[in-house]
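# Working through the structure, step by step
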2 protein chains.
Amino acid sequence: MALKSFVEVKLDSHFSIHNLPYGIFKHGGVDTTTPRPGVAIGDYVLDLSAIQSAGLFDGPLLCNSDCFHQSNLNKFLELGRPAWKEARATLQKLLSSDEPALQNNASLKQMALLPMDEVEMLLPIAIGDYTDFFSSKHHAKNCGLIFRGPENPVNPNWFHLPIAYHGRASSIVISGTDIIRPRGQGHPSGNSPPYFGPSRKLDFELEMAAVVGPGNELGKPIDVNEAADHIFGVVLMNDWSARDIQAWEYVPLGPFLGKSFGTTISPWIVTLDALEPFACDAPTQIPPPLPYLSEKISKNYDISLEVRIKPAGEENSFTVTSSNFNHLYWTLTQQLAHHTINGCNLRPGDLLGTGTISGPEAESYGCLLELTWNGTKELSVGKTSRKFLEDGDEVIISGICKGNGYNVGFGTCSGKILPSLP
Amino acid sequence: MALKSFVEVKLDSHFSIHNLPYGIFKHGGVDTTTPRPGVAIGDYVLDLSAIQSAGLFDGPLLCNSDCFHQSNLNKFLELGRPAWKEARATLQKLLSSDEPALQNNASLKQMALLPMDEVEMLLPIAIGDYTDFFSSKHHAKNCGLIFRGPENPVNPNWFHLPIAYHGRASSIVISGTDIIRPRGQGHPSGNSPPYFGPSRKLDFELEMAAVVGPGNELGKPIDVNEAADHIFGVVLMNDWSARDIQAWEYVPLGPFLGKSFGTTISPWIVTLDALEPFACDAPTQIPPPLPYLSEKISKNYDISLEVRIKPAGEENSFTVTSSNFNHLYWTLTQQLAHHTINGCNLRPGDLLGTGTISGPEAESYGCLLELTWNGTKELSVGKTSRKFLEDGDEVIISGICKGNGYNVGFGTCSGKILPSLP
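Residues numbered from 1 in each chain as written. Chains lettered and ligands numbered in written order. Predicted model: local features only at pLDDT ≥ 70, side-chain atom pairs only at ≥ 80, totals over all residues. Heavy atoms only, no water.

In terms of helices and strands, chain A carries 10 helices and 26 strands. Taking 2.2 N^0.38 as the reference for a compact globule, 422 residues should give roughly 22 Å; the C-alpha atoms of chain A span a radius of gyration of 22 Å, in line with that estimate. Taking the principal axes of the C-alpha coordinates as reference, chain A spans close to 70 × 55 × 35 Å. Expressed as a percentage of the 422 residues in chain A, the buried residues total 62%. Pairs at least 24 apart in sequence give 72% of the contacts found in chain A among residues at least 6 apart. For chain A, the computed accessible surface area is about 15,500 Å², with 51% contributed by carbon and sulfur atoms. (Helix = DSSP H or I, 4+ residues; strand = E, 2+ residues; numbered from the N terminus. Rg over C-alpha atoms; globule rule 2.2 N^0.38 Å. Buried < 20%, exposed > 50% of the residue type's maximum accessible area, 1.4 Å probe, protein only. Contact = heavy atoms within 4.5 Å. Areas by Shrake-Rupley, 256 points an atom, 1.4 Å probe, with all protein chains shown as cover.)

With that settled, the discussion passes to the environment of N225 of chain B. All names here are of chain B. On the secondary structure map, N225 appears in the loop between strand 13 (206-212) and strand 14 (231-238). N225 has contacts with S294, E295 and K296, leaving out every residue within four places of it along the chain. Here the side chain of N225 touches K296 through a polar contact of 2.8 Å, landing on its backbone nitrogen. (Polar contact = N/O pair within 3.5 Å; in protein donor to acceptor, adjacent residues only side chain to side chain.)

Residue and element names in this part refer to chain B. For I265, the position within the fold is in strand 16 (residues 263-265). Its relative accessible area of 0% is what places I265 among the buried residues. Along the primary structure I265 and L123 are separated by 142 residues, whereas in three dimensions their C-alpha atoms are 8.1 Å apart. Residues in contact with I265, not counting those within four places in the same chain, are L123, P124, I172, V173, I174, S175, V235, L236, M237, L351 and C413.

Residues and elements named next belong to chain A. As recorded in UniProt, the sites labelled "binding site: Ca(2+)" (unreviewed entry) are D132, E205, E207 and D239. Look at the named residues: they lie 108 residues apart in sequence, but the longest C-alpha span between them is just 11.4 Å, so in the fold they bunch up. Turning to its location among the elements, D132 is positioned in strand 6 (residues 130-133). In contact with D132, not counting residues within four places along its chain, are I163, A164, Y165, E207, M237, D239, G353, T354 and G355. Along the chain, E205 turns up in the loop between strand 12 (202-203) and strand 13 (206-212). (UniProt positions renumbered as here; feature names shortened; annotations may be inferred.)

The next thing to look at is the relation of the copies chain A and chain B. Overlaying chain A on chain B yields an RMSD of 0.0 Å, the required transformation being a rotation through 180° with an accompanying axial translation of 0.0 Å. What we have between these two chains is a two-fold relation. Every residue of chain A has its C-alpha some distance from the rotation axis, and the shortest such distance is that of G254 of chain A, at 2.1 Å. (Least-squares fit on C-alpha atoms with pLDDT ≥ 70 in both.)

Okay, the interface of chain A and chain B next. Contact with chain A, which involves 54 residues of that partner, is made by 54 residues of chain B. Carbon and sulfur atoms make up 62% of the surface buried where chain A meets chain B, a total of about 5,300 Å² over both sides. By the criterion of area lost to chain B, the three top residues of chain A are H166, L253 and F256 of chain A, representing 15% of everything that side buries. With a closest N to O distance of 2.7 Å, D350 of chain B and R168 of chain A form a salt bridge. (Buried area = accessible area lost by both parts, 1.4 Å probe. Salt bridge = Lys/Arg side-chain N within 4 Å of Asp/Glu carboxyl O.)

We now examine the sheet that holds strand 5 (residues 119-122) of chain A. Residue and element names in this part refer to chain A. With antiparallel pairing, five strands are arranged side by side in an open sheet as 4-3-2-1-5. Looking along the sheet, the strands with just one partner apiece sit at the ends: strand 4 (113-115) and strand 5. For this sheet, the mean angle separating the axes of adjacent strands, direction not counted, is 50°. Here four bridges tie strand 1 (residues 22-27) to strand 2 (residues 36-41), and the two strands are oriented antiparallel to one another. The partner of Y22 across the bridge, within strand 2, is V39. (Pairing = 2+ DSSP bridges. Axes fitted to C-alpha atoms, helices over the stretch in contact; angles between N-to-C directions.)

Next up on the list: the sheet that holds strand 26 (residues 407-418) of chain B. Taking strand neighbours across the sheet as the criterion, the five strands line up as 9-26-25-20-21 (chain B) in an open arrangement whose pairing is mixed. Edge positions in the open sheet fall to strand 9 (179-180) and strand 21 (318-324) of chain B, since each of these has one partner strand only.

All names here are of chain A. Counting buried residues in helix 9 (residues 332-340) gives nine out of nine residues, a clear majority hidden from the surface. Every buried residue belonging to helix 9 is among L332, T333, Q334, Q335, L336, A337, H338, H339 and T340, and all of these are buried. Next to the buried residues of helix 9 lie strand 6, strand 13, strand 14 (231-238) and strand 22 (351-353).

Residues and elements named next belong to chain B. Along the chain, E295 falls in the loop between strand 18 (279-281) and strand 19 (299-301). K299 is the oppositely charged side chain nearest to the buried, salt-bridge-free E295, at an N-O distance of 8.8 Å. For E295, the side chain forms a polar contact with the side chain of S298, separated by 2.8 Å. (Lys, Arg positive; Asp, Glu negative; His and termini not counted.)

Turning next to the packing of aromatic side chains. Residues and elements named next belong to chain B. For the structure shown, the criterion picks out 32 aromatic pairs over all chains. Measuring from centroid to centroid gives 6.5 Å for Y22 and F68, while their planes differ by 10°, and the two rings are stacked. Within this pair, whereas Y22 is found in strand 1 (residues 22-27), its partner F68 is found in the loop between helix 1 (48-53) and helix 2 (74-79), the two being separated by 46 residues in sequence. Across the pair, exposure class does not vary: Y22 and F68 are buried alike. Note on F278 and Y406: the rings are 6.3 Å apart at their centroids and 65° apart in plane angle, and the pair reads as edge-to-face. (Phe/Tyr/Trp six-rings, centres within 6.5 Å; stacked < 30°, edge-to-face > 60°.)

With that settled, the discussion passes to the pairing of strand 5 of chain A. Residue and element names in this part refer to chain A. Taking every second residue as pointing to the same face, the buried face of strand 5 carries V119 and M121, while none of E120 and L122 on the other face is buried. In this structure, strand 1 lies alongside strand 5, joined through four bridges in antiparallel fashion. The residue of strand 5 that forms the bridge with K26 is E120.

Here D47 of chain A shows up in strand 3 (residues 44-47). Only 2.7 Å separates the side chain of D47 of chain A from the side chain of R36 of chain A, close enough to count as a polar contact.

Looking now at the nonpolar core. Membership of the largest hydrophobic core comes to 222 residues, with the highest contact counts inside it found for L351 of chain A together with L351 of chain B. Non-local contacts of L351 of chain B, meaning those with residues more than four positions away in its chain, are made with I125, I127, D129, Y130, T131, I172, A209, A210, V211, V235, M237 and I265 of chain B. (Core = buried A, V, L, I, M, F, W, Y, C linked by side-chain atoms within 4.5 Å.)

Another point: the environment of I174 of chain A. All names here are of chain A. Assignment of secondary structure puts I174 in strand 8 (residues 172-174). For I174, a relative accessible area of 13% puts it in the buried group. Along the primary structure I174 and S414 are separated by 240 residues, whereas in three dimensions their C-alpha atoms are 8.6 Å apart. Residues within four places of I174 in sequence aside, it is in contact with M121, L122, L123, P124, T264, I265, S266 and P267.

Let us now look at the pattern of salt bridges. Oppositely charged side chains can form a pair if their charged atoms are brought close together. Residues and elements named next belong to chain A. Summed over the entire model, instances satisfying the criterion amount to 42 salt bridges over all chains. Between D129 and R347 there is a salt bridge whose closest N-O contact spans 3.1 Å. With D129 in the loop between strand 5 and strand 6 and R347 in the loop between helix 9 and strand 22, this pair connects stretches of sequence that are 218 residues apart. Overall, the relative accessible area of 4% leaves D129 in the buried class. On the basis of relative accessible area, R347 is assigned to the partly exposed category, the value being 29%.

Right, dumping it as structure tokens:
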């Protein structure tokens, strides 16, 4: 049954009281502009530093903490799930329609409850390391078909472990940041030399990413059945990719400059606790995973995902793909446990991307590489069409879980392509 | 001609007044144990926070800075080459035999000049991102011969761009830190399933790494001819590698868990200014590089490198390879310029590994994979021999430039292998 907040939450809002995602914002109004944590509720942001200052985080784990007087969420993430659950319970109570503490405190409410259109969202976390997995079977298969042909399109290792690579942390940007078309060396055809210039095959990748909580010490792996306690929540992610640069550089050490020019994440981290009602069974894995990847409960989440493109000069955006988080073959917890099995340490705020989330149908492919089959066909975008992204294109990813009378949504993750440097 | 310091510097010391490498140390003596910057001189460490407090950094760029009252060097790195040159000039003067300011100030000297055997060295920088290149042609060729055979052992892209991958920043540790043998999935033979357990092919990799200075904004590449101004200095690096894990996981996205269990760096960053007398011509590149990689002056450095192994229970260590930094095909400045050509931003303290530095002769190969040709032959180590590393083995990398009457050395970069978790 849907809980009710005293803050108005429209029926189509992503940010019901069941959600309460965390972000970092600046408010340019009468307030100072110090970046600080907030949760989204309807069309408002609740300033958690104000709530902490008012002493309303009065549970045992948070009453003496300064975790919300920080310019990122890392300190809160480090506290772990018991503190996250305490914060969620406190906030759900504080915002509920039958609780007077905030509702009837006019001055605190005015200070702490800020219209969302007055705030600027920033990166919610300081990201030490960013890892990108490759966990959709449909995506792996399509890439194999495109680049290697129909014989064994998916490498044998893929079914035994969640393949991943280290990504670039410095170039992760918040939704709304423009992306400059990268320059680089493109794959030559035949024996001709490589070309240099603006990427001719600029692509988006529909992904989500898990935000790591406490993490582990170097040398001490995290058990797969305890891995969920190390995942604070999930964001939308666009892992922009220059396919021509990537194709030329990636043998034998993997993607590098084809990816590192920019990765966009959504501002609101939706917690695993908020996603719990939308948990569903992960796909059966054949062959069965090795014991260290074998989970007592193997969970995915039913999160509807959509990518829209808004070409330059267009009023409207047009849906180019509709997918779902539940298409992932390897779960978030398997990804995390695998990441640490060699002793590698994860730190609070590390980001684990899922890889492109493609579904089985052509309409659910998660990037233009697949949707246009590496530019061999056109994808219709309103009155125009695309093989790859053009300058001025804005790509907007959204994600939502629909509950009974409420939503747990991610908002959007967007970015616009600017022309390359001359 | 050799400058002379009032601090005794033995003839074989790595740390002459011509060197003055930077590190971060803690001193457990009468002093507090706050981590702070120092430079090495002979058998001493000069505490730069004490020098800064005493007002002896009196040049225009540093007189009002608190860059040495920090627990890492990032703030100093951010200041750029003019500040680095000013600090070097100040310190060379302060330590010289004909300068009284420090020499004749007994109380400051006692406070600031600490015996090296009383300090503990820490990671000198907060590393945002770590990138590892693949810049020795001999190493690339040997890997190709071992894994793909004699036909085109080096991929065509290798001659056009400095191949690299993103490494794991969290697991970079300081010299002297033990390395736990990683567990993971090993490459199956034929159609058998992968095995799981402690790595059976644990290896070292002889590398060096450049420490990034000011860096660049996202979207604004650094010109190759200005790249040297973004490199503060160089450290020794051991990029420990589990060859069996790596071989199974690396297609198609590159090395991941086969590397991320630990990477060791030496504590002292030797500056480019100190290395300048040892600059030499980089090899001629054929085909000539694209214009963005074409340098007015293409420099390597003549740095003798050595790897020794000290088996458990042995008194002595045994040299297993002797190489030289000047075997690199792609220069540090080309690596850095290539890294940013797509707009990727570098930040102060980022680390750019060279990749394994192998020379042309079998005695100069930079890892056991090459030295034992993937375990097909034994390498003699004192009275015993090795195909790959065994538990208890300590691997010690050292590097030195020999000047006329003085050395500019790197000290050592060492780590001992501990047994895997059960």
